[in-house]
Amino acid sequence: MNSTHNCQHTICHATIEASSAVADDPPENSPTSAVNGEELFYMPPLNFSMVDYGIFRSGFPKTTNFRFLKTLGLRSIIYLCPEPYPEENMQFLDANRVRLFQFGIEGSKESFANIPHYIITSALEVLLDERNHPVLIHCKRGKHRTGCLVGCLRKLQNWCLASVLDEYVRFAADKARVSDQRFMEMFDPSSVKLLSSSVSYIRS
């Protein structure tokens, strides 16, 4: 699979088009559906984006995001925080048969300075296994921990370091951390164990 592509996912296009419609139209013409007189919005989580086919990223999903997430047909969620998953989120996963993979990474400012390497490699092995797709990666805000995991994926996809760091900064903005960027720079893609279901995914 090529490591870069134009996003063609139906949901992504629908989200972009809906956002444009909201910006251009008055409130009474906003893109919603009505059930029993109630307007229903399809609201993506904070910092939601498509990473690659079958892979998405975001900040922590709230209950207001569940309707949107259901349209993705998720099989798995990779959760990068150490805190227990909220009960309402677990109920959503159970109801939609979504599997939770938790890789607890502390959210300090130096969160990736001394992180055990096996945590990232283990998360990547789950992420690369197409049997877990569609999959959503998230932490609290979808910036640092999520950004580092996606950055390591990009190195597996043979992205140049400049492009890896540019993508990280686009999501982290003025909160970008030198320690995160150093971690991605030093990450060795050869340390990841590739399964038969993932080799075709990263092959250029």
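Reading the values: the criteria
Residues numbered from 1 in each chain as written. Predicted model: local features only at pLDDT ≥ 70, side-chain atom pairs only at ≥ 80, totals over all residues. Heavy atoms only, no water. Buried < 20%, exposed > 50% of the residue type's maximum accessible area, 1.4 Å probe, protein only. Helix = DSSP H or I, 4+ residues; strand = E, 2+ residues; numbered from the N terminus. Pairing = 2+ DSSP bridges. Core = buried A, V, L, I, M, F, W, Y, C linked by side-chain atoms within 4.5 Å. Contact = heavy atoms within 4.5 Å. Phe/Tyr/Trp six-rings, centres within 6.5 Å; stacked < 30°, edge-to-face > 60°. Lys NZ or Arg CZ within 6 Å of the ring centre and 35° of its normal. Axes fitted to C-alpha atoms, helices over the stretch in contact; angles between N-to-C directions. Disulfide = S-S within 2.5 Å.

Caption draft 1: A look at the pairing of strand E7 (residues 135-138). The alternating pattern of E7 places Val135 and Ile137 and Leu136 and His138 on opposite faces, both of which are buried. With 4 bridges connecting them, strand E4 (residues 55-58) and E7 associate as parallel partners. Each bridged residue has a counterpart across the sheet, and for Phe56 the counterpart in E7 is Leu136. With 4 bridges connecting them, strand E5 (residues 76-79) and E7 associate as parallel partners. Considered in E7, the bridge of Ile77 is made with Leu136.

Caption draft 2: The arrangement of unusual backbone geometry in detail. Of note, the amide linkage connecting His133 to Pro134 takes the cis form, showing an omega dihedral of -5°. By secondary structure assignment, the location of Pro134 is in the loop between helix H4 (117-128) and E7. Phi angles above zero are rare outside glycine, and Asn47 is one such case at about 60°. Within the secondary structure layout, Asn47 lies in the loop between strand E2 (38-40) and strand E3 (49-52). Using a relative accessible area of 24% as the deciding quantity, one classes Asn47 as partly exposed. With a phi angle near 65°, Asn158 is a residue other than glycine that sits in the positive phi range. When you line up the elements, Asn158 lands in the loop between helix H5 (144-156) and helix H6 (161-172). Overall, Asn158 belongs to the exposed group, its relative accessible area being 60%.

Caption draft 3: Summary view of the nonpolar core. Ranked by size, the top nonpolar core spans 42 residues in total, and within it Ile78, Leu124, Leu127 and Leu149 carry the most contacts. With 7 residues, H4 is the single largest residue contributor to this core. Sequence-distant contacts of Leu127, defined by excluding residues within four places in its chain, comprise Ile55, Ile78, His133, Val135, Ile137, Leu149 and Leu153. Counting residues in each nonpolar core, the second largest holds 7 residues, with Leu165, Tyr168, Ala172 and Met184 among its members.

Caption draft 4: Layout of the packing of aromatic side chains. All chains considered together, the criterion is met by 7 aromatic pairs. Taking the centre distance of 5.0 Å and the plane angle of 85° together, the rings of Phe48 and Phe68 count as edge-to-face. Linking Phe48 in the loop between E2 and E3 with Phe68 in helix H2 (residues 66-70), this pair joins segments that are 20 residues apart in sequence. Exposure remark for Phe48: the relative accessible area of 18% places this residue in the buried category. One aromatic cluster in this structure is built from Phe48, Phe56 and Phe68. Arg57 extends its terminal NZ or CZ atom over the ring of Phe171, reaching a point 3.7 Å from the ring centre. Looking at Arg67, its charged tip hangs above the ring of Tyr42, at a distance of 6.0 Å from the centre.

Caption draft 5: Summary view of the pairing of E3. Here E3 pairs with E4 via 3 bridges, running antiparallel. Its bridge partner being in E4, Asp52 is matched across the sheet by Ile55.

Caption draft 6: Highlighting the sheet that holds strand E6 (residues 99-102). Taking strand neighbours across the sheet as the criterion, the 5 strands line up as E3-E4-E7-E5-E6 in an open arrangement whose pairing is mixed. Here the strands that pair on one side only, and so sit at the sheet edges, are E3 and E6. Strand-to-strand, the axes of this sheet are offset by a mean angle of 25°, without reference to chain direction. Against the sheet, H4 contacts E4, E5, E6 and E7, and its axis sits at roughly 165° relative to E5.

Caption draft 7: Focus on the state of the cysteines. Counting across every chain of the model gives 0 disulfides. Cys139 provides the cysteine sulfur closest to Cys81, a residue in no disulfide bond, and the two sulfurs are 5.5 Å apart. Given a relative accessible area of 3%, Cys139 falls into the buried group.

Such coordinate-based values are descriptive only and should not be taken to indicate function.
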